[in-house]
Amino acid sequence: MNMLNSRLARVGASIAKHLYTRNYTSVYRGGYIPRAKYHHFLQPSFQRHSSTELYKGAMIEKRNFLSTTTTNNSTEDGSEKEETISVTFVDKDGEEKHIKVPVGMSMLEAAHENDIELEGACEGSLACSTCHVIVMDVEHYNKLEDPTDEENDMLDLAFGLSETSRLGCQVIAKPELDGIRLAIPAATRNFAVDGYVPKPH
Amino acid sequence: MLCCTSWEYIYSSSTTPHNSPQNAFVKGNYKKAKALHGRHQSKSNLRSCEQSLIVHIPGEALHLQRANKMQKLAIFRARLWLYRSFSSLSSNPLRVCVVGSGPAGFYTAEKMLKAHQQAQVDIIDRLPTPFGLVSSGVAPDHPETKIVINQFSRVAQHERCSFLGNVTLGSSISLSELRELYHVVVLAYGAESDRSLGIPGENLKGIHSAREFVWWYNGHPDGQNLDPDLKNTDTAVILGQGNVALDVARILLRPTAELATTDIASHALAALEESSIRVVYLVGRRGPAQAACTAKELREVLGIRNLDISIQESDLLLTPADEEELKSNRIHRRVYELLSKAVTSNPKDAGLNKRKLHFVFFRKPVSFLDSKDRPGHVSGVHFEKTVLEVVGPGKQIAIGAGEFEDIKCGMVLKSIGYKSVPVDGLPFDHQKGIVPNDRGRVLCDTSEPSVVEKGLYVCGWLKRGPSGIIATNLHCAEETVSSILEDLDQGELISSSALPKPGKDGLLQLLHDRNVRIVSFSDWEKIDSEEKRLGSSKNKPREKLATWEKLHKAISE
C-alpha cells in the first residue's frame, strides 16, 4: 500500500514537473518565442496567476518529497531525476540566504519561490532589467554562457552594473553552478550616489 | 511602533502562504525596519518584546519555558496576533494619497504599503484607466514591457490600497484639499505636455509632438482627435533620436500586418494601413556617439522588414572627445556600434525596398517651411548644420556651423522631450520643468536654505524630469518612500495631538458632493474585460476603448 502511494506520488510529481516545465519555458523565456509573447494578454491576469500558483504548489510538494527520499538520485525506474544546486543570494542589506535550486530553473524563479526580494517586472520575458544580479565570483561567472545581445541590451539599463552582472531570469541552474553566490544590487544607494539615470525610453 | 512591525513579520511569514503578496509586503516592512534602525537594534527590540510578553503573563511563563520551541513559538504568534489586531484597531492609520497611477505612482504605493503596516494608500488618476504610460506610452508592439501591469494590479488589489480613477487634481479636487485630507500626498502625475522648439512655423499643420502621436496610436482618450494626415505626403521628419523617436519611426514604417495583432488603437491601425509615408528622417543635433536611444530600440528599428537604412558614413568618424565619451558610457558605445554595423552591412545602392529610414546627424531645426500648394501646412524643415563643442568632461553640445539645408516633408513629429505641468499651490521650477525637491520632499522654492512643504512629496518624471525607463521609477519610488519614512520617524507627519485625517472617506464625500463619478479598480476590470473581449475577435490582445464615452459606457453597463 505504501509502495503504491509512493508510486502515485511520483506520477503526480512527474505530471507536476511536466506542467511546470511547460509553464516555465513558455512564460519565462517568452521573449524568445514570438507566439508566447502574447500569452499574458490573452488570459486575464488573475487566471494566469492562479494557475502559476498551482504549478508552484506542485513544485514545492515535489521538492519536499524528493528531498526526504531521493535528492540527487534517480528513482528505481530511472525516469525521474531531480538535481538541485546550492545558491546563495546576498540581499541589499548584505544578508545571505541559502537556497536549493532545481537544475533548469532560472534564478528569478528560484528567488521568488524562496521569498527572496528580487524584482521581476516583465516576469522573465527579457524586457526589463529589474532582476539584475551580480555574480560574486568570476569563476562561476565564467561558467555561464555569454549573455545574448538581447540580455546585454537590458543590462545596459541596469542599476549598478558590474563586470559580472547578469539578469536573474537568464541564469539557469546547472550542476557547474553549484555554490554560486548572487548579490542583489543596492539600487537606492547607486541611484543616490552616482545619480545614474538610464537614457530615455 | 517598530517593535510591532517586526513582530508582524514573524507572525505573518509563518502563517500566510509561502508566496502570497501579503507575505512579501510584510517582509519588506521588516527589512525597512532593519534598514532604518540597524539589525541588532531591531533584533534586540524583538527579544525584549518577547520577554515582556512572557513576564506579563506569569501563569503561562513557566509553561512556555518548559514547552518545546515549536509550542512556544505558536503561543507567541497567537499573542502577536492579538497584539496586532489591537494595535491596528487603536492606532491612527497613515493616510497616503498618490496622484498618478503610472509606474512612479504604483511603485510608490507598493513601497509604501510594504514599508508601513498602518498605511492606507489611495491612488488617484485623471483617467478612468490605471497604469499611465505603461498603457499609453509603451509601444503596442512591446507587450513584454507591459507585463509589469500584473504586478501593479496586485498592488491595486491590496487590502490597504484603493484606485480612484476619473479624479483630476486641480479640477475635481485641489492640492490644498488633498493635503488637508491626507497625512502624505505623493505627486506622481508625470509630464503631460511637451517642450517646444520656439522656432518660426512651429504651429503649421502637420507638425505634432511625438507625445500626441503616441497617445493617438495607443488609444489614449485625449489622443484620438489628433487624426494625423498620413495620406498627403510620402515623407515624415522626426526631430530627436531618443527611444520615443524610434518608437514613432517604427510605428510609421513597420508592416501594418505586424501591428494588426498588437493592442494598437483601431483608428490608428486603419490610418496606418492607408498611410502613404515611405521615407522617414530621424534627425539629431549631435552625432551617433551621443544618440539618446538605447540598443534594444535601435536594434528593433534596424531590423524592420523591407526597410532600407541610410546613414552617412562620414558622420560615424569619431573625434577624441567622442571616444572619451564612449569609453565611459556603455549605452552610447553599444548604440554607436550598432549604427556602425548598420552602415557596413547595408548595401550602398540599396533602394530595393519601398520604405527608407534616414539617420541624420549634426542638424538643428531653424524653422519650418510653409507649403506653397497648401498654405498653412508644413512642407519641410530648414536645418542648420552643427559641430560639437566640448563644454565639460564627457559633455559636448551642438552649435550652429552656419551652413543650412532643407528637408522636404509633409509631416513633422517633435520628439524633443516631455514637460510637466504644475498645479495650483505647487512649487515649480520652470527652468528644469520639475518640482524642486530634496530626495522626493517638495521644497517651497529653489532658494537656500531649503524649506520643506510638510507632507508633500514627488516621484517619477515630476521629480527628476522626463527620462528613464519603467524600472527607473522603482528606484525613484524607493528614494521618495525612504524620505517619507524618515520624516515619519522624526514625528514630522503625525503629531500625537493632531486629529486623525479623514483620508479616503473624506475624499469620497467631497467628490460625491461635486458629482465626480469615481472609477474604482473593479470598474477598471470591467473596462479591461470589455477591451479584451473586443480584441479577441480581431486576434488582438485587447481593443482599447479610445474615447471617454466608450470608457464610461463600459463602466455603467
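Residues numbered from 1 in each chain as written. Chains lettered and ligands numbered in written order. Predicted model: local features only at pLDDT ≥ 70, side-chain atom pairs only at ≥ 80, totals over all residues. Heavy atoms only, no water.

Colleague: Give a description of the overall build of chain B that names residues and reports values.
Modeller: Scanning chain B from terminus to terminus reveals 21 helices and 18 strands. The buried share of chain B, taken over its 557 residues, is 57%. Counting only carbon and sulfur atoms, one obtains 51% of the accessible surface of chain B, whose full area is about 24400 Å². (Helix = DSSP H or I, 4+ residues; strand = E, 2+ residues; numbered from the N terminus. Buried < 20%, exposed > 50% of the residue type's maximum accessible area, 1.4 Å probe, protein only. Areas by Shrake-Rupley, 256 points an atom, 1.4 Å probe, with all protein chains shown as cover.)

Colleague: Account for helix α8 (residues 148-156) of chain B, naming residues and giving values.
Modeller: Most of α8(B) sits inside the fold, with 8 of its 9 residues counted as buried. For α8(B), the set of buried residues is V148(B), I149(B), N150(B), Q151(B), F152(B), S153(B), V155(B) and A156(B).

Colleague: Report on the UniProt feature "domain: FAD/NAD(P)-binding" (unreviewed entry) in chain B, specifying residues and quantitative values.
Modeller: On the UniProt side, "domain: FAD/NAD(P)-binding" (unreviewed entry) is annotated at positions that read residues 95-264 of chain B here. Spanning residues 95-264 of chain B, this segment combines 34% helix with 17% strand, and its end C-alpha atoms are found 37 Å apart. (UniProt positions renumbered as here; feature names shortened; annotations may be inferred.)

Colleague: Tell me about the side chain of K463(B), residues and numbers included.
Modeller: Residue and element names in this part refer to chain B. Along the polypeptide, K463 turns up in helix α17 (residues 461-464). Here the side chain of K463 touches C476 through a polar contact of 3.0 Å, landing on its backbone oxygen. Here T480 takes part through its side chain, which lies 2.9 Å from a polar atom of the side chain of K463. If we ignore the near neighbours within four places in the chain, the residues touching K463 are I434, V435, N437, R439, G440, V458, C476, E479 and T480. (Polar contact = N/O pair within 3.5 Å; in protein donor to acceptor, adjacent residues only side chain to side chain. Contact = heavy atoms within 4.5 Å.)

Colleague: Go over the confidence of the model for chain B with me, naming the residues and quoting the values.
Modeller: Residue and element names in this part refer to chain B. Chain-level statistics for chain B give a pLDDT mean of 86 and a share of 82% at 70 or above. Within the model, the stretch residues 1-67 combines pLDDT values under 50 with 94 contacts to residues more than four positions away or in other chains. Predicted confidence for residues 82-90 stays below pLDDT 50, and this span has 8 contacts to residues more than four positions away or in other chains. Under the prediction, the complex receives an ipTM of 0.80, its pTM being 0.78. (pLDDT = per-residue confidence, 0-100.)

Colleague: Just give me the short version of the pattern of salt bridges, but keep the residues and values in it.
Modeller: Residue and element names in this part refer to chain B. All chains considered together, the criterion is met by 43 salt bridges over all chains. With its nearest N and O atoms 2.8 Å apart, the salt bridge here joins R126 to D222. On the criterion of sequence distance, the pair formed by R126 in the loop between β2 (119-124) and α7 (132-136) and D222 in the loop between α10 (210-217) and β7 (235-239) is long-range, its members being 96 residues apart. Overall, R126 belongs to the partly exposed group, its relative accessible area being 22%. Residue class for D222 comes out partly exposed when judged on its relative accessible area of 35%. The salt bridge partner of R254 is D141, with a shortest N-O separation of 2.7 Å. Linking R254 in the loop between α11 (243-253) and α12 (256-259) with D141 in the loop between α7 and α8, this pair joins segments that are 113 residues apart in sequence. (Salt bridge = Lys/Arg side-chain N within 4 Å of Asp/Glu carboxyl O.)

Colleague: Tell me what's going on with helix α13 (residues 266-273) of chain B, and back it up with residues and numbers.
Modeller: Residues and elements named next belong to chain B. Along α13, the residues that are buried comprise A268, L269, A271 and L272. Down the axis of α13, the buried set is contained in an arc of 165 degrees. They therefore lie on one face. The inward-facing, buried residues of α13 abut α10, α11 and α12. (Arc of directions from axis to C-beta.)

Colleague: Lay out the environment of P147(A) with the relevant residues and their values.
Modeller: Residue and element names in this part refer to chain A. With respect to the helices and strands, P147 occurs in the loop between α6 (138-142) and α7 (149-155). On a C-alpha basis, the gap between P147 and I85 in space is 21 Å, while along the polypeptide they are 62 residues apart. Setting aside its immediate chain neighbours within four residues, P147 contacts Y141, N152 and R166.

Colleague: Tell me about the side chain of D153(A), residues and numbers included.
Modeller: Note on placement: D153(A) falls in helix α7. On the accessibility criterion, D153(A) (2% relative accessible area) is buried. Apart from residues lying up to four places away in sequence, D153(A) is in contact with A295(B), K296(B), R299(B) and R334(B).

Colleague: Describe the sheet that holds strand β17 (residues 441-443) of chain B, listing the residues and the values that go with them.
Modeller: Residue and element names in this part refer to chain B. Within the open sheet, the 7 strands sit side by side as β3-β2-β1-β4-β18-β17-β16. Their pairing is mixed. Each edge of the sheet is formed by a strand with only one pairing partner; in this case those strands are β3 (161-164) and β16 (437-438). Bridging between strand β1 (residues 94-99) and β2 involves 6 bridges; their strand directions are parallel. Note on β2: the bridge partner recorded for C97 is D122. (Pairing = 2+ DSSP bridges.)

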